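The primary structure of each chain is shown beneath.
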Amino acid sequence: MNDSWNGLWQQKDIALSLLKSSHNRTTLNHLKSLHVYLLRTGLHHSSFAVGNFITQCASLGLMSYAAQLFDQMSEPNSFVWNTLIRGFQQNHSPKCTLYYFDQMRAHNVLPDKFTYPFVIRACSDLLQFAKGLSLHGQLFKIGVHLDIFVGTSLIEFYTAMGDMSMTKKVFEELPVKDEVTWYAMLSSYVNKCNDMEKARDLFEKIPCKDLVIWHTIILGYVKAGDLELAKMYFDRAPVKDLLMYNTILGCLAKNGEVECLLRLFHEMPCRDLVSWNTVIGGLVRDGRVNEAMRFFHQMERVNLSPDDVTLASLLSACAQAGALDTGKWLHSYIDRRYNELNAVIGTALVDMYCKCGDLESAACVFDKMPERDTVAWSAMIMGSSMNGQSRTALNFFYRMKDESERPNDATILGVLCACVHAGLVDEGRKCFYGMFQEFGLTPKLEHYGCMVDLLGRAGLLDEAYNLIQSMPYEPHTGAWGALLGACKIHGNVELAEKAIEHLIQLDLEDGGYLAIMSNIYANAGRWEDVSKVRKLMKVKGIGKSRGISSIEVNGVIHEFGVQENRHPQAREIYDMIDEIYRRLKKAGHVASTSEVFFDVEEEEKEKALFFHSEKMAVAFGLIATDKNTIIRVVKNLRICADCHAAMKLISACFEREIVIRDRHRFHHFKNGFCSCRDYW
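Please read these numbers as outputs of a predicted model, since none were measured by experiment.

### Things to note about the environment of L227
Structurally, L227 can be placed in helix 14 (residues 227-236). Using a relative accessible area of 8% as the deciding quantity, one classes L227 as buried. Put simply, L227 and D112 are 115 residues apart on the chain and 45 Å apart in space, counted from C-alpha to C-alpha. What L227 contacts, discounting residues up to four positions off in sequence, is C251, L252, N255 and E257.

### Structural notes on the sheet that holds strand 1 (residues 548-553)
The strand order 2-1-3-4-5-6 describes an open sheet built from six strands, whose pairing is mixed. Of all the strands in the sheet, the pair left with one neighbour each is strand 2 (556-561) and strand 6 (673-674). Where strand 4 (residues 658-661) meets strand 5 (residues 666-670), four bridges bridge the pair, whose relative direction is antiparallel. By the bridge assignment for strand 5, I660 is matched with H667. Against the sheet, helix 19 (residues 308-321) engages strand 1, strand 2, strand 3 (631-635) and strand 4, with an angle of about 105 degrees to strand 4.

### With respect to the packing of helix 24 (residues 390-402) against helix 25 (residues 409-422)
For the pair helix 24 and helix 25, the least separation of the axes is 8 Å and the interaxial angle reads 150 degrees. Of the possible angle classes, the one that applies to helix 24 and helix 25 is roughly antiparallel. The crossing of helix 24 and helix 25 is left-handed. Judged by residue contacts, S390, A393, L394, F397 and M400 of helix 24 engage T411, I412, V415, A418, C419, H421 and A422 from helix 25. Taken together, the residues of the contact of helix 24 with helix 25 sort by class into nine nonpolar, three polar and no charged.

### What about the pattern of salt bridges?
Applying the stated criterion to the full structure yields 27 salt bridges. E497 serves as the salt-bridge partner of R526, at 3.0 Å between the closest nitrogen and oxygen. Taken together, the residues R526 in the loop between helix 31 (511-523) and helix 32 (527-540) and E497 in helix 30 (residues 493-505) connect sequence positions 29 residues apart. Classification of R526 by relative accessible area gives partly exposed; the value is 32%. Linking K635 and E614 is a salt bridge whose minimum nitrogen-to-oxygen distance equals 2.8 Å. Separated by 21 residues along the polypeptide, K635 in strand 3 and E614 in helix 35 (residues 613-624) bring together distant segments of the chain. Looking at E614, the relative accessible area reads 0%, which means it is buried. One network of salt bridges, in which partners are shared, links E259, D286, R288 and E291.

### Remarks on the environment of V590
When you line up the elements, V590 lands in the loop between helix 33 (570-586) and helix 34 (602-610). Between the C-alpha atoms of V590 and N636, which are 46 residues apart in sequence, the distance is 25 Å.

### Some thoughts on the pairing of strand 5
Along strand 5, four of the five residues are buried, which leaves the element largely enclosed by surrounding structure. The loop that links strand 4 with its antiparallel partner strand 5 comprises four residues. Bridge analysis of strand 5 against strand 6 gives two bridges, and the strand direction is antiparallel. Of the residues in strand 6, the one forming a bridge with F669 is C674.

### A few points about the confidence of the model for the protein chain
In the predicted model, the protein chain carries a mean pLDDT of 88, and 92% of its residues have values of at least 70. Put simply, helix 1 (residues 2-20) is where the protein chain has its lowest mean pLDDT, 49, and helix 28 (residues 461-469) is where it has its highest, 96. Under a pLDDT of 50 for its full length, residues 1-9 has, in the predicted model, two contacts with residues more than four places off or in other chains. Note on residues 597-604: pLDDT is under 50 here. Beyond four places in sequence and across chains, it has eleven contacts.

### A short note on the domain arrangement of the protein chain
Here the domain parsing of the protein chain yields domain 1 (374-443), domain 2 (444-543) and domain 3 (549-674). Taking only C-alpha atoms into account, the centre of domain 1 sits 32 Å from that of domain 3. Facing four residues of domain 1, the contacting portion of domain 3 comprises five residues. Linking domain 1 to domain 3 there are two residue pairs in polar contact (both at pLDDT 80 or more).

### Structural notes on the UniProt feature "repeat: PPR" (unreviewed entry) in the protein chain
On the UniProt side, "repeat: PPR" (unreviewed entry) is annotated at positions that read residues 77-111, 178-213, 241-271, 272-306 and 342-376 here. From the first C-alpha to the last, residues 272-306 spans 11 Å; its make-up is 74% helix and 0% strand.

### Some points on helix 25
An ideal rise of 1.5 Å per residue puts 20 Å on 14 residues; helix 25 measures up with 20 Å between its terminal C-alpha atoms. Along helix 25, ten of the 14 residues are buried, which leaves the element largely enclosed by surrounding structure. Taken together, the buried positions of helix 25 are T411, I412, G414, V415, L416, C417, A418, C419, V420 and H421. Where helix 25 is buried, its residues contact helix 23 (374-386), helix 24, helix 26 (425-439) and helix 27 (445-457). One side-chain oxygen of the residue at the start of helix 25 lies 3.1 Å from the amide nitrogen of A410, identifying that residue as N408. In the stretch just after helix 25, G423 is the one whose phi turns positive, near 70 degrees.

### Here we look at the packing of aromatic side chains
Applying the stated rule across the entire model yields 29 aromatic pairs. Aromatic pair F366 and F396: ring centres 5.5 Å apart, planes at 85 degrees, arrangement edge-to-face. In this pair, F366 is assigned in helix 22 (residues 359-368) and F396 in helix 24, connecting sequence segments 30 residues apart. The lysine or arginine in question, K240, covers the ring of F234, its NZ or CZ lying 5.3 Å from the ring centre. For the cation-ring pair, R583 lies above F654, with the distance from its terminal atom to the ring centre recorded as 4.0 Å.

Scoring rules and cut-offs
Residues numbered from 1 in each chain as written. Predicted model: local features only at pLDDT ≥ 70, side-chain atom pairs only at ≥ 80, totals over all residues. Heavy atoms only, no water. Helix = DSSP H or I, 4+ residues; strand = E, 2+ residues; numbered from the N terminus. Buried < 20%, exposed > 50% of the residue type's maximum accessible area, 1.4 Å probe, protein only. Contact = heavy atoms within 4.5 Å. Pairing = 2+ DSSP bridges. Axes fitted to C-alpha atoms, helices over the stretch in contact; angles between N-to-C directions. Parallel < 35°, antiparallel > 145°, perpendicular 65-115°, else oblique. Left-handed = near helix turned anticlockwise from the far one by under 90°. Nonpolar A, V, L, I, M, F, W, Y, C, P; charged D, E, K, R; others polar. Salt bridge = Lys/Arg side-chain N within 4 Å of Asp/Glu carboxyl O. pLDDT = per-residue confidence, 0-100. Domains from an automatic or database assignment. Polar contact = N/O pair within 3.5 Å; in protein donor to acceptor, adjacent residues only side chain to side chain. UniProt positions renumbered as here; feature names shortened; annotations may be inferred. Expected span 1.5 Å × (residues − 1). Phe/Tyr/Trp six-rings, centres within 6.5 Å; stacked < 30°, edge-to-face > 60°. Lys NZ or Arg CZ within 6 Å of the ring centre and 35° of its normal.

Here it is as structure tokens:
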């Protein structure tokens, strides 16, 4: 008999020892074994044992299992009730938290200062204002409203409800405040009110500022877009952790402060993947693709593996710069490390290939993706559209619908762009006017802009103008700019004047539209009006944006401006320009000087046209690449009529395929023809 009792007590000791041991080693099987011990020893009625068991269940997210054992107790005490309520709240089950709180009171077990913080937080999560007010009243009755933990939960509750006057009142009435209380009040100013002035005043009063407090004030200024104050508090912080460094890095990257970003990165005592991704992303946004790739290789040398964010950022950089060779290298890198493409990387590859003019590779990646979401379909549709493959874009759209993938605004925009580039007016009308009926999508400004462009290019200027007039939004520069461009194509001066009037009222700072208006007047022989437009441009202090073209050769991006002479091979490039000029003259090319301002001599106009940035980039491509290599150029502006005509002849005279991506679309030149079929 004694041996039996001794064995039972030993089992109890083992069970209690296991319950008090570290929760980090707890597994479901471990819990089941403990449950058996509790049942054998009768400890399933022990408040201490059950309370600790519930705590271990909570750490594994097994609150339903905890509730089963709890329900077997005849009279659980407040410790067990509190542990169960806390477990449900920590596992994001606020409804269960409130249910068991009500059950606790129904069983005549009095809640205490350990109960209320979790119940009040449940009210915050469920936005139950009336319930929270009732709880606040109960706190006064039992005299725990000034408890630091209860008070902090009330601050969080009133902040969530948006009642800042009560938040402040509760805070000021607390006789004792710890770091968590100060943080709760500071966070309410920073994250709920966006009131950095009050946040700053409170911050200066905090007696003991820990890392969380410092990070909160810095992050507040980052969110407010105040880089200077964010940096000031960062410099003041006595201790800086990695999170704080990464926060400032992100702020610098977002604000385009790339040099400061690089300097801070190199000063950091340690760096993680977020640090490297932030720097690479900042360089990408600044168009510094070569440097971004150098950082990527440095990252590999310190044995830090890239994630989806790293690779998507670099692929985006290749897409922006048209760096196909670098993009292909990244693709091979991804193939070596991924068993299959996920949606993020797959879509980034599709986008990169499309924006580099390699539609065949884009389609190959797209077809290999195991799962394609709406973003992937939209990238393929827009990419086909940009590359002048309008029917292909529409076929992808029809295929998308057949596979029951629901299009979004970006998808429809891609379809409309495809219709614009090919002059598919009927298809465009059907898509635009059916997007609400078929998909429940309301046309946005961009969709209206596309429709105006489609109608205008097709010569339906009155219909385009009427569509602008009927827009439910204030027409934007995209709509009026599209109409102005159509007026230039069709020589409609009167409608162009209406469009430019609206563009000027929109506080236009892009001189490109005024340059178009000047050309419209020039083509109509209205030289006095041309002079007026030029004077207006001078008064406003605006000019046409500087044309810049880039070309990738052997993994390096080379940029050219108009009459570029800073390139190491400038002399060879200028010699090639002369050779191009000679061959084009022989082929019968006559420079289209109508788009050059009238107060320049005709010979000077021709010379200016020959040193446009895209011609400089193509000339470099001719001397720097093999004959079988496709010359790929990216330009920040729309290609001019003379360059377009010249590129067709260059492709024939030099027997080279040339792909130029301007700000609107791709032009694939081959054997004297362009993929746009001169409809652009």
